[in-house]
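# Inside the fold
This is what each chain is made of:
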Amino acid sequence: MSEHSTSSSLKTYVAIWIALLVGTALTVYASGLDLGRFNAAVALVIATIKATLVALFFMHIKGSSEKLTKLVVISALFFLLILLGLAMSDYATRAWT
Amino acid sequence: MSDSQVAAAHGEVNNPALLHHFAEPQQQRDASSLGMWAFLATEVMFFGGLFCAYLIYRLMYFGDFGAASKTLDVKLGATNTAVLICSSLTVVLAVWAAQTGRRMMLVGNLALTLILGMAFLGIKGVEYKEKFEKHHVPGASFQFQEKIPGHPDQYANPQHAQIFFALYFVMTGLHAVHMIVGIGIFVWLLFMAWKGRFTPEYNTPVEMGGLYWHFVDVIWIYLFPLLYLIDRHP
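Just so it is clear, the structure is predicted and the values come from calculations on it, not from any experiment.

Here we come to the overall build of chain A. The number of helices and strands found in chain A is three helices and zero strands. Listed N to C, the secondary structure of chain A is α-α-α in terms of helices and strands. Taken against the 2.2 N^0.38 rule, which gives 13 Å for 97 residues, the C-alpha radius of gyration of chain A at 18 Å runs more than 25% over that of a compact globule. Counting only C-alpha atoms and orienting by the principal axes, one finds that chain A spans roughly 65 × 35 × 10 Å. Element-wise, carbon and sulfur atoms account for 74% of the exposed surface of chain A, whose accessible area totals about 6200 Å². Both charge centroids of chain A, one from 7 positive and one from 4 negative side chains, sit 4 Å from each other.

In structure tokens, the structure reads:
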């Protein structure tokens, strides 16, 4: 690893850290606005952006040469989506009967 | 293949960083990494069940959940989010320091991570204490008399608010248990780093401990808006 690439990764870490702090302030601010049904969506979108930044840059998924790591991450998210998606498609549509 | 290469390939040379059943350091590191990620995938499902339960009850009792969420202290919750984000920075700096062979920077960042982790648990403790004082802990002494946000003439159903607090304690409690385990891991990492066991050639434990810490941070990134920020607008 060259000296140049190591110092640029330090800059990336600090930039991601600032972005995460700004995201936290933003989600607190957005929760005070009346967005109707979109309050929850905005909160979840900000949280997902923050989580993605942590995973890509702090957990080094970006730039990882290991394809198996990416496979495990995608599988975990896929099964989480099945868990939440199927359960919610049941409970969220029960009022129709 | 020369004799020395054979010896290196089988780890017979004195290299404490390479276990004998791995061909080379990179393979050993990748095996650890894959194992750690597989463990984190099971953790996603572990917390996923709780998030699923939370979503179902939030959908059913949205007003009561909003009233219960409003009794949480957003300032303490946001402070704790910032504390964890700062600890994630110190962790990633520690990993970088280990990979570039900066021992004192590694020791310093591991120590900072420990301090931030304990600060998080301390603030969490203050919040838990307040719940006990207000009788917001689920059980026989549970009391809840708050109005539903947006309905000034309607009290929230205490039974439904109790479900919110049960989920609050289980989810933040399980997260706090993970923090305590993480602190244990980082005490060990700090001890090993102090002894100079981590080098640019061998720093996998720092990297894997870091992955675990970041994962626990990601869980909190979701817990904070879901528990503290329901229906807060005036």
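After that view of the structure, there is still more to cover.
Turning next to the environment of Pro158 of chain B. All names here are of chain B. Among the secondary structure elements, Pro158 is positioned in helix H6 (residues 158-194). Placed 76 residues apart in sequence, Pro158 and Pro234 show a C-alpha to C-alpha distance of 22 Å. In this view, Pro158 contacts Phe142 and Phe144; residues no more than four positions away in its chain are not counted.

This part takes up the pattern of salt bridges. Residues and elements named next belong to chain A. What the rule picks out here adds up to seven salt bridges over all chains. A salt bridge links Asp90 to Arg94, with the nearest nitrogen and oxygen atoms 2.8 Å apart. For Asp90, a relative accessible area of 33% translates into the label partly exposed.

The next thing to look at is unusual backbone geometry. In most cases, non-glycine residues show a negative phi, while peptide bonds are predominantly trans. Notably, His60 of chain A is not glycine yet its phi reads approximately 60°, a positive angle. For His60 of chain A, the location among the structural elements is in the loop between helix H2 (38-58) and helix H3 (67-91). Even without being a glycine, Asp231 of chain B presents a positive backbone phi close to 50°. What makes Asp231 of chain B buried here is its relative accessible area of 18%.

Let's shift gears to helix H3 (residues 62-70) of chain B. Every buried residue of H3 of chain B is accounted for by Asp64, Phe65, Gly66, Ala67, Ala68 and Ser69 of chain B. Considering only its buried residues, H3 of chain B is in contact with helix H2 (25-60), H6 and helix H7 (204-228) of chain B.

Turning to the packing of aromatic side chains, a few remarks are in order. One pass over the full model with this rule turns up 20 aromatic pairs over all chains. Measuring from ring centre to ring centre gives 6.1 Å for Tyr57 of chain B and Tyr61 of chain B, while their planes differ by 25°; the resulting arrangement is stacked. Among the aromatic side chains, those forming a connected cluster through ring pairs are Phe120, Tyr128, Tyr168, Phe169, Trp220, Phe224 and Tyr228 of chain B. In this arrangement the basic side chain of Arg94 of chain A is found over the ring face of Tyr91 of chain A, its NZ or CZ atom lying 4.3 Å from the centre.

Residue and element names in this part refer to chain B. In contact at an axis separation of 9 Å, helix H5 (residues 103-133) and H6 are set at 155° when each is read in the N-to-C sense. In terms of their interaxial angle, H5 and H6 are classed as roughly antiparallel. Our pair here, H5 against H6, has a crossing hand that is left-handed.

A word on the packing of H5 of chain B against H7 of chain B. Residues and elements named next belong to chain B. Look at H5 against H7: their axes get within 13 Å of each other, and the N-to-C directions meet at 30°. Our classification of the angle between H5 and H7 gives roughly parallel. Here H5 and H7 pass one another in a crossing that is left-handed. For the pair formed by H5 and H7, the contact residues are Leu106, Thr113, Gly117, Phe120, Lys124 and Glu127 on the first element and Val206, Trp213, Trp220 and Tyr228 on the second. Broken down by class, the residue content of the contact of H5 with H7 amounts to six nonpolar, two polar and two charged.

Here the focus is the layout of surface pockets. Approximately 1600 Å³ is the volume attributed to the largest pocket. Taken together, 47 residues form the lining of the largest pocket, with Leu44, Thr48 and Leu84 of chain A together with Tyr222 and Leu226 of chain B sitting closest to its centre. Elements supplying a minimum of two residues to the lining of the largest pocket: H2 and H3 of chain A together with H2 and H7 of chain B.

For the rest of this paragraph, the subject is H2 of chain A. Between the first and last C-alpha of H2 of chain A there are 29 Å, a value that for 21 residues agrees with the 30 Å anticipated at 1.5 Å per step. In the segment just after H2 of chain A, His60 of chain A is the residue with positive phi, at about 60°.

Moving on, we get to a nonpolar patch on the surface. A contiguous nonpolar patch, built from Leu26, Tyr29, Leu33, Leu35 and Phe38 of chain A and spanning about 510 Å² of accessible area, is present on the exposed surface. Here Leu35 of chain A shows up in the loop between helix H1 (3-31) and H2.

This part is about the confidence of the model for chain B. As a general rule, the predicted coordinates of low-pLDDT regions are not to be interpreted in detail. Per-residue confidence for chain B gives a mean pLDDT of 92, with 93% of residues at or over 70. Across the assembled chains, the prediction reports ipTM 0.91 with pTM 0.91.

Residue and element names in this part refer to chain B. By the element assignment, Glu207 lies in helix H7. Engagement of the side chain of Glu207 in a polar contact is seen with the side chain of Arg29, the distance being 2.7 Å. If we ignore the near neighbours within four places in the chain, the residues touching Glu207 are Arg29, Val95 and Gln99.

Basis of the calculations
Along each chain, residue indices are assigned from 1 in the same order as the chain's sequence is written. As they are written, the chains are lettered A onward and the ligands numbered 1 onward, keeping that order. Under the rules for a predicted model, residues below a pLDDT of 70 receive no local features and side-chain atom pairs below 80 are neither given nor counted, while totals for whole chains, interfaces and linings still include all residues. Think of the side-chain values as coming from all heavy atoms in the structure, minus any hydrogens and water. We count a stretch as a helix when DSSP gives it H or I for four or more residues in a row; a strand needs E for two or more, and each element gets its number in order from the N terminus. Restricting the calculation to C-alpha atoms gives the radius of gyration, and the globule rule supplies 2.2 Å times the number of residues raised to the power 0.38. Here the Shrake-Rupley method, with its probe set to 1.4 Å, supplies the accessible areas, and only the displayed protein chains count as covering residues. Residues scored as charged are limited to Lys and Arg (positive) and Asp and Glu (negative), so that His and the chain ends carry no count. For the purpose of locating charges, the reference atoms are NZ of Lys, CZ of Arg, CG of Asp and CD of Glu. Contacts are assigned to residue pairs that have any heavy atoms within 4.5 Å of one another. Throughout this description, the term salt bridge denotes a Lys or Arg side-chain nitrogen within 4 Å of a carboxyl oxygen of Asp or Glu. Only protein chains enter the accessibility calculation, which uses a 1.4 Å probe; a residue is then buried when its area is under 20% of its type maximum, exposed when over 50%, and partly exposed in between. Centres within 6.5 Å are what make two rings of Phe, Tyr or Trp a pair, Trp counting through its six-membered ring; a difference in plane orientation under 30 degrees is then read as stacked, over 60 as edge-to-face, and the rest as tilted. Two thresholds decide whether a charge sits over a ring: the Lys NZ or Arg CZ must be within 6 Å of the ring centre and within 35 degrees of the ring normal. Lines fitted to the C-alpha atoms define the axes, with helices restricted to the stretch that makes contact. Angles between their N-to-C directions range from 0 to 180 degrees. When describing relative orientation, an angle under 35 degrees is termed roughly parallel and one over 145 degrees roughly antiparallel, while 65 to 115 degrees is termed roughly perpendicular and anything else oblique. Working rule for handedness: look at the near helix, and if it is turned counterclockwise from the far one by less than a right angle, call the crossing left-handed; if clockwise, right-handed. Each residue gets one label: Ala, Val, Leu, Ile, Met, Phe, Trp, Tyr, Cys and Pro are nonpolar, Asp, Glu, Lys and Arg are charged, and the others, such as Gly, are polar. A 1.4 Å probe that fits but cannot get out identifies a cavity on a 1 Å grid over protein atoms alone, an open set with protein on both sides within 12 Å along at least five of seven lines counts as a pocket, and a residue lines either if it has an atom within 4 Å of a point. Grid points are joined across faces, edges and corners, and a volume is the space filled by probe spheres set on the points. Residue count minus one, scaled by 1.5 Å, sets the expected span of a helix. Exposure above 30% relative accessible area and the lack of any salt bridge qualify a residue for a patch; like charges then connect within 9 Å, and the nonpolar side chains Val, Leu, Ile, Met, Phe, Trp and Tyr within 5 Å. What pLDDT conveys is the predictor's confidence in a given residue, as a value from 0 to 100. Polar contact criterion, stated in full: a pair of N or O atoms within 3.5 Å, where within protein one must be able to donate a hydrogen and the other to accept it, and residues adjacent in sequence count only if both atoms are side-chain atoms.

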